[in-house]
Each structure stands twice: as structure tokens, then as C-alpha cells.
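A closer look at the structure
What follows is each chain in one-letter form.
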Amino acid sequence: MTGTADTPRRSLPWWEAPSATRPVDAVLAVPGSKSLTNRYLVLGALAGGGSRLRAPLHSRDTELMLAAVRALGARVDEIPGPGGFGPDWQFTTPLPSGPAASATPARSVDCGLAGTVMRFVPPLAALTGGPVRFDGDEAARHRPMGAVLDGLRALGVTVDDDGRGALPFTVDGTGAVTGGRVVIDASASSQFVSALLLAAARFAAGLRLEHAGPPIPSLPHVQMTVQALRAVGVAVDDGTPDVWTVEPGAVRPFDVAIEPDLSNAGPFLAAALVTGGRVTITGWPERTTQGGDHWRRILPAFGATVTSGPGRLTVTGPARLRPVDLDLSAAGELAPTVAALAAVAPGRSRLHGIAHLRGHETDRLAALRTELTRAGAPTTETEDGLVVDGGRLHAADIHSYADHRMATFGAVLGLVTPGTRVADIATTAKTLPEFPDLWARMLTGGRSR
Ligand SMILES: O=C(O)C1=C[C@@H](OP(=O)(O)O)[C@@H](O)[C@H](O)C1
Ligand SMILES: C=C(OP(=O)(O)O)C(=O)O
């Protein structure tokens, strides 16, 4: 997979983005959270047998995580689930730990373009005996991960890479990790912290993790990690900012229902705003650590009305969107959808706190600047965000850079610009393979589940 903001891939099929002929009015269920699914796959590999994920997300990122924990020796069965989005996953055997019985051939983990796989799995690999080679898509080799590799080295783990602090690399586990104190700079990704915390209860001395550097982005995701660990009996102290202590101990088997992915709900909610319509997402949790819950604060800034009832969230669009000035540091993964809304809102919008998006699936600040400008919303990059002059969009061919959220960003623009095409809509399979179908259902006033 290649393509940067300035040299997008050119040979991909184009998707004719449907435009909205009337305000959308739909009630939709979205599949499970990528972030929760991949955390519980890691925790299931560390817990005793029997752990079950109900209604997990089935998508490229989660199938890659499943394949990774299986490659490391965990056994996971598929069990028919009640929902409409695929089977449950049940662990029968966790990861083997301790030294390899004899010299084992290197196992390999394909990270695809999944940040959660490339960051969360190396500490697991260190707990198993023998070498594990990690690689992924070409674009994944540009995503930062030096803090995880250096953190593991500081904890006594052997890691071989080519010195760039990125894929590909090999973790040569002895079957045990000493653990102790480690200091990292997690300003490029909250996943660096989550990665080390998730496996830490199995380190002999546990972990005292300290962050030193500019602020950590996406902090709700760290809170999600802490909460998931506590739910499976792991003692975590997060009482001091930028310091986490994890006590060594067992990870308890669990039975967990995965919440819907609230970040993936975003483009559907955005459809209500740009068409002056109404969209309800079912299964919206009352309390959650998902960054996608920030839609409740973000969408009203554009003039939308957000109401929630038991297990649902309804968004009603205004007659005309207002421009915004938003700090998205807590929920950077929402930025492409927010940028699409800013492009529709007449006037100048400013998005900040998202410098780390340069290390996401693609350099998202460059990609958004390029595509917004192409579609008639002149956009400039700042040190940590974007300035978007919205309100005068026209049809365009939107490049998606192998980035699921750039593809759904294009779909939102397409609602209000007949003739818009989006490259490689299939890239949405990273976290939402059902996207084109759900989008079509939304536009025909559909209900799902
Ligand atoms: O831990 C997680 O599940 C995630 C953390 C965030 O990463 P960053 O901190 O790199 O933004 C988020 O953007 C990503 O989509 C998922
Ligand atoms: C940044 C994202 O993904 P990843 O988990 O690959 O970092 C994302 O989904 O927006």
C-alpha cells in the first residue's frame, strides 16, 4: 500500500459517492469498537482460557489482531453470536509463556496498517519464547513506534530493528520480562502507553511507566486501557499525571460485550448535520471511555442538537452549520469527519491539538489539506492542526491514501456535492467493512438491527 498526501495512489477503483436528495432520517447500529475489541483480544491472550468477546468488531484491524495472538500460540474459537455483525470470539488457550522448548523458527505477525497491532503485540511477543518478526503495509513502516521498542529494551527485552524505530523489527522473547521502571515519550501516540500497560501485569516486577515529553494525545484511550485492565483484575495506579504503576499478577478470564464503535458512528452523525436531517445510533453506551463519545461536545459546536435516551444517541442537523474552533487532542481519530463538517460550514474553522495525526494511517493533516483544497475548501496546515475555509464545496475526486477515515471523509463531502468520487472505498474495511452498505441504507431512510 503506497501513497502519501502529495503522491496519492492513482490506479484504484472510484466509488461514486451518493449525494443526498433530501435530509437523512435513519436509525442505525454500527459494529463493535476497534479499540475495545483489540484490547480484549490482547487481554484474552494473557488471561486463562474461557475469555469471551461478545459482538466483537470483525474488520481488517481486528482480524489481524486475532491472527497475531494465534501466531503467538493462543487458541480462539468462533461462536455464533446473536448480533448481525459476525460471531463471538472465545479463548480456549492463552499464550504460552516461558522459554521456547527448543530453537523455534521465527513466527511472524502482519500488522497491516493497524496501530493497535504494531504497538500492542510486541510486549506480548516478549512474554513468549523465541523470535517474532513484525511487518506490515508499506505505509505502516512510516508510523512511529520507537517508544515501544525502546521501552521494551529498557525492560530487558531484545529487539532488532534497522534503527528507525519503526516496522519491520524482530522481538526476541525469552518467555519472561523483568519489568520495572521505564520512561518514554508518548507524545506521538497514546498507544505507546497502552501497549506497555496491557502486558505489564505479566512482567515479573510489574511496571512503573512514566511519560516525559509534550502532552500525550488521545488520553481517553489510555483511560480505556486502564479501565479494561481493572475490569480483568489488574491493579493499576494512575493517580499521578503521566505516571502509571501496574502490579504484577494474574489477568482474570472475562466475558465482555463490546460497545459499538462511536468513532465509526461519526460519518453517519455528520450526515445528519450536512443534510439538515436526523440520525440515531442505537446501543450508545451511557458511560464510556471511547473518544467517539466526544461527538456529544463536537457536534453542538457546529449547531447540531444532540439528545440521548437509554441506549441511543440522536443528532439533528441545523439549517446551516456554524464554523468551529476546536481542540481535538483528546479525540484525534475524529478529525477527518470534523474536517468534512468544517468544509461544509460557511466561514473559517480552526482545528488544533492534532499534530500527531501526521503519524496516523497517512499524514492526515497533509491529506486533509490536499483533499479539502481540491474540493473547494481552501485549507492550510498549522503546527498542530488545520485552518479550513468552508462553505463553497464542489464535486471532486477524493483520494483516500489507504486510510479508512479519509474514505469516509470523502463520503460526507459527497452528500452535498453531486458527482464526487472517492478512491478505494474498500479501504474502510480497516475498521468498518460494512461502510458502503450502511451508508446506502442510511440514505434510503433505513434502519439497521
Ligand atoms: O488505543 C487505541 O485504540 C487508539 C488510540 C488512538 O491513537 P493515537 O494516540 O495514536 O491517536 C486512536 O487515534 C486510535 O485510532 C486508536
Ligand atoms: C489512528 C487510527 O488507527 P490506528 O489504530 O491504526 O492507530 C484510526 O483508526 O483513526
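Residues numbered from 1 in each chain as written. Chains lettered and ligands numbered in written order. Predicted model: local features only at pLDDT ≥ 70, side-chain atom pairs only at ≥ 80, totals over all residues.

This paragraph deals with the packing of helix H1 (residues 34–46) against helix H3 (residues 115–126). At a minimum axis separation of 11 Å, H1 and H3 run at an interaxial angle of 15 degrees. Between H1 and H3, the angle falls in the class roughly parallel. Here H1 runs over H3; the crossing is right-handed. Across the interface between the two elements, Ser-35, Asn-38, Val-42 and Ala-45 of H1 pack against Thr-116, Phe-120 and Leu-124 of H3. (Axes fitted to C-alpha atoms, helices over the stretch in contact; angles between N-to-C directions. Helix = DSSP H or I, 4+ residues; strand = E, 2+ residues; numbered from the N terminus. Parallel < 35°, antiparallel > 145°, perpendicular 65-115°, else oblique. Left-handed = near helix turned anticlockwise from the far one by under 90°. Contact = placed C-beta atoms within 7 Å.)

Let us now look at the sheet that holds strand S13 (residues 243–246). Two modes of strand pairing occur in sheets, parallel and antiparallel, and in both the strands are linked by backbone hydrogen bonds. The strand order S10-S11-S13-S12 describes an open sheet built from four strands, whose pairing is mixed. Unpaired on one side and paired on the other, strand S10 (180–184) and strand S12 (236–237) mark the two borders of the sheet. Two elements, strand S11 (residues 207–211) and S13, share four bridges in a ladder whose sense is antiparallel. Across the sheet, the residue bridging to Leu-207 is Val-246, located in S13. (Pairing = 2+ DSSP bridges.)

A separate point is the confidence of the model for the protein. On average, residues of the protein score 95 in pLDDT, and 96% of them reach the 70 mark or higher. Interface predicted TM-score (ipTM) for the complex: 0.99; the corresponding pTM is 0.96. (pLDDT = per-residue confidence, 0-100.)

Once that is clear, we can look at the site of ligand 2. By nearness alone, every residue bordering ligand 2 is listed as Ala-114, Gly-115, Thr-116, Glu-333, His-360, Glu-361, Arg-405 and Thr-431. For the shell around ligand 2, a count of residues per class yields one nonpolar, four polar and three charged. Looking at which domains feed residues into the shell around ligand 2, each of domain 1 (14–31 + 261–443) and domain 2 (34–94 + 107–257) gives three or more. (Near = placed C-beta within 6 Å. Nonpolar A, V, L, I, M, F, W, Y, C, P; charged D, E, K, R; others polar. Domains from an automatic or database assignment.)

In this section: the UniProt feature "active site" (unreviewed entry) in the protein. With numbering aligned to this structure, UniProt lists the feature "active site" (unreviewed entry) at Glu-333. Residue placement: Glu-333 occurs in the loop between strand S18 (325–327) and helix H9 (335–344). In this structure, Glu-333 is in contact with Ser-263, Gly-291 and Arg-405, ignoring residues within four places of it in sequence. (UniProt positions renumbered as here; feature names shortened; annotations may be inferred.)

Another aspect to go through is the pairing of strand S5 (residues 88–93). In regular strands, side chains alternate between the two faces of the sheet. Pairing of strand S3 (residues 52–54) with S5 involves two bridges; the strand directions are antiparallel. Bridge pairing in S5 places Leu-53 opposite Trp-89. The sheet contact formed by strand S4 (residues 75–79) and S5 spans five bridges and is antiparallel. Paired with Asp-77 across the two strands is Gln-90, which belongs to S5.

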